[in-house]
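Summary of structural features
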Protein chains: 2
Amino acid sequence: MMETIGFIGTGNLGTPIAANLLKAGYQVKIYNRTREKAKPLEALGAELVDSPAAAAVKGGIVMSLVSDDKAVESIAGNDLLQALGNGGIHVSMSTISPDTARMLSVQHEAQGVAYVAAPVFARPEAAEARVGNAVISGPAAAKERIRPLLEAGFAKNIFDLGEDAGSANVLKLIGNFMIAGAIEMMAESFALAEKNGVDPKAAYEMLTTTLFASPVFRGYGGMITERKFIGNPAFSAALGLKDMNLVLQTAGRSYTPMPLANLVQARLTTVLARNTKDADWTALAMGALEDAGISI
Amino acid sequence: MMETIGFIGTGNLGTPIAANLLKAGYQVKIYNRTREKAKPLEALGAELVDSPAAAAVKGGIVMSLVSDDKAVESIAGNDLLQALGNGGIHVSMSTISPDTARMLSVQHEAQGVAYVAAPVFARPEAAEARVGNAVISGPAAAKERIRPLLEAGFAKNIFDLGEDAGSANVLKLIGNFMIAGAIEMMAESFALAEKNGVDPKAAYEMLTTTLFASPVFRGYGGMITERKFIGNPAFSAALGLKDMNLVLQTAGRSYTPMPLANLVQARLTTVLARNTKDADWTALAMGALEDAGISI
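What you see is a predicted model; the values in this text were computed from it and never measured. (Residues numbered from 1 in each chain as written. Chains lettered and ligands numbered in written order. Predicted model: local features only at pLDDT ≥ 70, side-chain atom pairs only at ≥ 80, totals over all residues. Heavy atoms only, no water.)

Bringing the overall build of chain A into the picture now. Scanning chain A from N- to C-terminus turns up 13 helices and nine strands. Its C-alpha atoms give chain A a radius of gyration of 20 Å, near enough to 19 Å, the size a compact globule of 296 residues would have. Projected onto its principal axes, the C-alpha coordinates of chain A cover approximately 65 × 45 × 35 Å. Taken over 296 residues, chain A has a buried fraction of 61%. Considering only contacts in chain A between residues 6 or more positions apart, those separated by 24 or more positions represent 70%. Accessible surface, chain A as shown: approximately 11000 Å² in total, 51% of it carbon and sulfur. Across chain A, the mean location of the 26 positive side-chain charges is 2 Å away from that of the 29 negative side-chain charges. (Helix = DSSP H or I, 4+ residues; strand = E, 2+ residues; numbered from the N terminus. Rg over C-alpha atoms; globule rule 2.2 N^0.38 Å. Buried < 20%, exposed > 50% of the residue type's maximum accessible area, 1.4 Å probe, protein only. Contact = heavy atoms within 4.5 Å. Areas by Shrake-Rupley, 256 points an atom, 1.4 Å probe, with all protein chains shown as cover. Lys, Arg positive; Asp, Glu negative; His and termini not counted. Charge placed at Lys NZ, Arg CZ, Asp CG, Glu CD.)

This part takes up the packing of helix α8 (residues 165–195) of chain B against helix α12 (residues 259–274) of chain B. Residues and elements named next belong to chain B. At a minimum axis distance of 10 Å, the contact between α8 and α12 shows a crossing angle of 75°. The angle between the axes of α8 and α12 places the two elements in the roughly perpendicular class. Taken together, the residues of α12 that come into contact with α8 (itself represented by Phe177, Ala180, Gly181, Glu184 and Glu188) are Leu260, Ala261, Leu263, Val264 and Arg267. Across the contact of α8 with α12, the residue classes break down as six nonpolar, one polar and three charged. (Axes fitted to C-alpha atoms, helices over the stretch in contact; angles between N-to-C directions. Parallel < 35°, antiparallel > 145°, perpendicular 65-115°, else oblique. Nonpolar A, V, L, I, M, F, W, Y, C, P; charged D, E, K, R; others polar.)

At the interface, 57 residues of chain B touch 57 residues of chain A. Between chain B and chain A, the buried area comes to about 4700 Å², and carbon and sulfur atoms account for 78% of it. Its largest share of buried area at the contact with chain A, chain B owes to B:Met178, B:Leu192 and B:Leu211, together 14% of the area lost on that side. Linking chain B with chain A are zero salt bridges. (Buried area = accessible area lost by both parts, 1.4 Å probe. Salt bridge = Lys/Arg side-chain N within 4 Å of Asp/Glu carboxyl O.)

Before going further, it helps to spend a moment on the relation of the copies chain B and chain A. Of the transformation superimposing chain B on chain A, the axial component is 0.0 Å and the angular component is 180°, with the fit at an RMSD of 0.0 Å. One copy is carried onto the other by what is essentially a two-fold rotation axis. Taking C-alpha positions as the reference, the residue of chain B nearest the rotation axis is B:Ser214, at 2.6 Å. Looking at chain B, 100% of its interface residues are interface residues in chain A too, so the copies touch through the same face. (Least-squares fit on C-alpha atoms with pLDDT ≥ 70 in both.)

All names here are of chain A. Those places that UniProt annotates as "active site" (unreviewed entry) correspond, in this numbering, to Lys172. Residue position: Lys172 is located in helix α8 (residues 165–195). With residues near it in sequence (within four places) discarded, Lys172 still touches Thr95, Pro119, Val120 and Phe121. (UniProt positions renumbered as here; feature names shortened; annotations may be inferred.)

Before going further, it helps to examine the pattern of salt bridges. Enumeration according to the criterion identifies 32 salt bridges over all chains in this entry. In this structure, the salt-bridge partner of A:Arg123 is A:Asp280, at a minimum N-O distance of 3.0 Å. Separated by 157 residues along the polypeptide, A:Arg123 in the loop between β7 (120–121) and α6 (124–128) and A:Asp280 in the loop between α12 (259–274) and α13 (285–291) bring together distant segments of the chain. Across this residue pair, the class does not change: A:Arg123 and A:Asp280 are buried. As a salt-bridge pair, B:Asp50 and B:Arg35 come within 2.6 Å of each other at their nearest N and O atoms. With B:Asp50 in the loop between β3 (47–48) and β4 (61–64) and B:Arg35 in helix α2 (residues 35–42), this residue pair connects regions lying 15 residues apart in the sequence.

Another aspect to go through is the sheet that holds β7(A). Residue and element names in this part refer to chain A. Taken in spatial order, the three strands line up as β7-β8-β9 in an open sheet, and their pairing is mixed. Every interior strand has two partners, whereas the edge strands, β7 and β9 (155–160), have only one. Where β7 lies against strand β8 (residues 132–136), two bridges are found, and the strand directions are antiparallel. When the bridges of β8 are listed, Val120 appears paired with Ala134. (Pairing = 2+ DSSP bridges.)

All right, on to the packing of aromatic side chains then. Counted by the stated rule, this structure contains 11 aromatic pairs over all chains. Between A:Tyr220 and A:Trp281 the ring centres are 6.3 Å apart and the planes differ by 80°, which places this aromatic pair in the edge-to-face class. Linking A:Tyr220 in helix α10 (residues 215–225) with A:Trp281 in the loop between α12 and α13, this pair joins segments that are 61 residues apart in sequence. For the pair shown, A:Tyr220 and A:Trp281 are each scored as buried. Site record: aromatic cluster; members linked through ring pairs are A:Phe212, A:Phe217, B:Phe212 and B:Phe217. The positively charged end of A:Lys172 is found above the aromatic ring belonging to A:Phe121, 4.8 Å away from the centroid. (Phe/Tyr/Trp six-rings, centres within 6.5 Å; stacked < 30°, edge-to-face > 60°. Lys NZ or Arg CZ within 6 Å of the ring centre and 35° of its normal.)

What follows is the structure in structure tokens.
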């Protein structure tokens, strides 16, 4: 029988990852704050538990994927660390502040638990197909031990950024900032095309099959030309704003001026000021389109 | 014997394209304002002439690739149009204002000459290897006739945007704006990495082999991490600024606010204020790096 894994957080991204682990044959004990949202995973053999600590086995591995710094801090308290105990590993997959990751790493180490930062680069459908990317940082032996779990869960590629727990989160924030920048860039471009007699879809096709032939431009560009902004978000505008706030917080603390990050943060703030629910973060493209008088 | 083609403008990009035409067996009559710069092409069989009109044969094709709107207007005057005459074609490959292209198109048509806009998407080495991209707009029959020349000269792919002479230039400006945006995005990102303990080259490798695995991010990102900003520019900061000014001019005329275009225009302006010569336009990345106190 394969190892028992704890899994905390069955949101849009946690759910397909936990499902993949179950399909790969792992025993998975799942905790989610809203228990009903984890229910569908029972059918795949998951055991639902009532606290983060109850998901842990001594010296075992717990993976977590929750919404923000506060949520990670609240699940990764003393109860969980004691339940994992010496030799245990916490694989922290949430997108959080590098500083929070470093602080948690120290707290974990004090209890003999290894903290591995392993933020997920994947939208839910990519995680499900196990073609996502993982960036990891933390203690070497722990990283080696959890590698098969990342591969079984969602990752096609794993990039190792060394021992500093914060490093993986720095790169994750950069990745999300660059996606937001790409969305802004395409939104301004497609607005210029439309206002000057060029079909935005023709511009999209040309650019994303040549100079910008990459998954981000292809995928998000398609969502922009199709105006898929509102309804059933794979990654919500609220989470996008949280990440851009983390980018600016990290930039501010390290004295790194990032005017493009300021711009996309403001775009997402406007989206949330207007559409409180159901907006995908691609909706930040609405800013440039609406500013140009293009009705959406 | 193959057709005689006129070619005007043997700069960084015109030179490899004219050379490819000669290698493909075309007779090429070349005009360049500074005659000596075209000299090396004589060895490949080119005939150097002393005026734009002298490059034309009646009913034939003249291709031009010069630096800006004024330069195109000065070469494409009555002399050239009369020399080309009825059935002639002017393939205008320069990156110019869509409005200028439309005005020229009307002037050409009045003399029976077809104006085809065909701006070049390629750095010189890509043009030389004939893996560049062409975007064309203009009269259908003329576009069909010049297609083999674009393929022989530089283009792997040709995208047809219809009859409006301005359309190809709109898309060319969008492409250059997006490259500039990508440079700014990476510069801010690599500065954030460096200031937070992550090797910018590791960030570059991860991002440009996954989410941003495209020629622009791979190529320009490498130039940024290698700090290849000054010296022997393939595309100068001065030309980059000219293009961003065209983007903002087109945006202003069409009431399309483009804050990211404003930002990259300002970055390039600063480059030119400090380094008047020999800066590649990738040097716009120096802005975000230097603002973060990173010495270059």
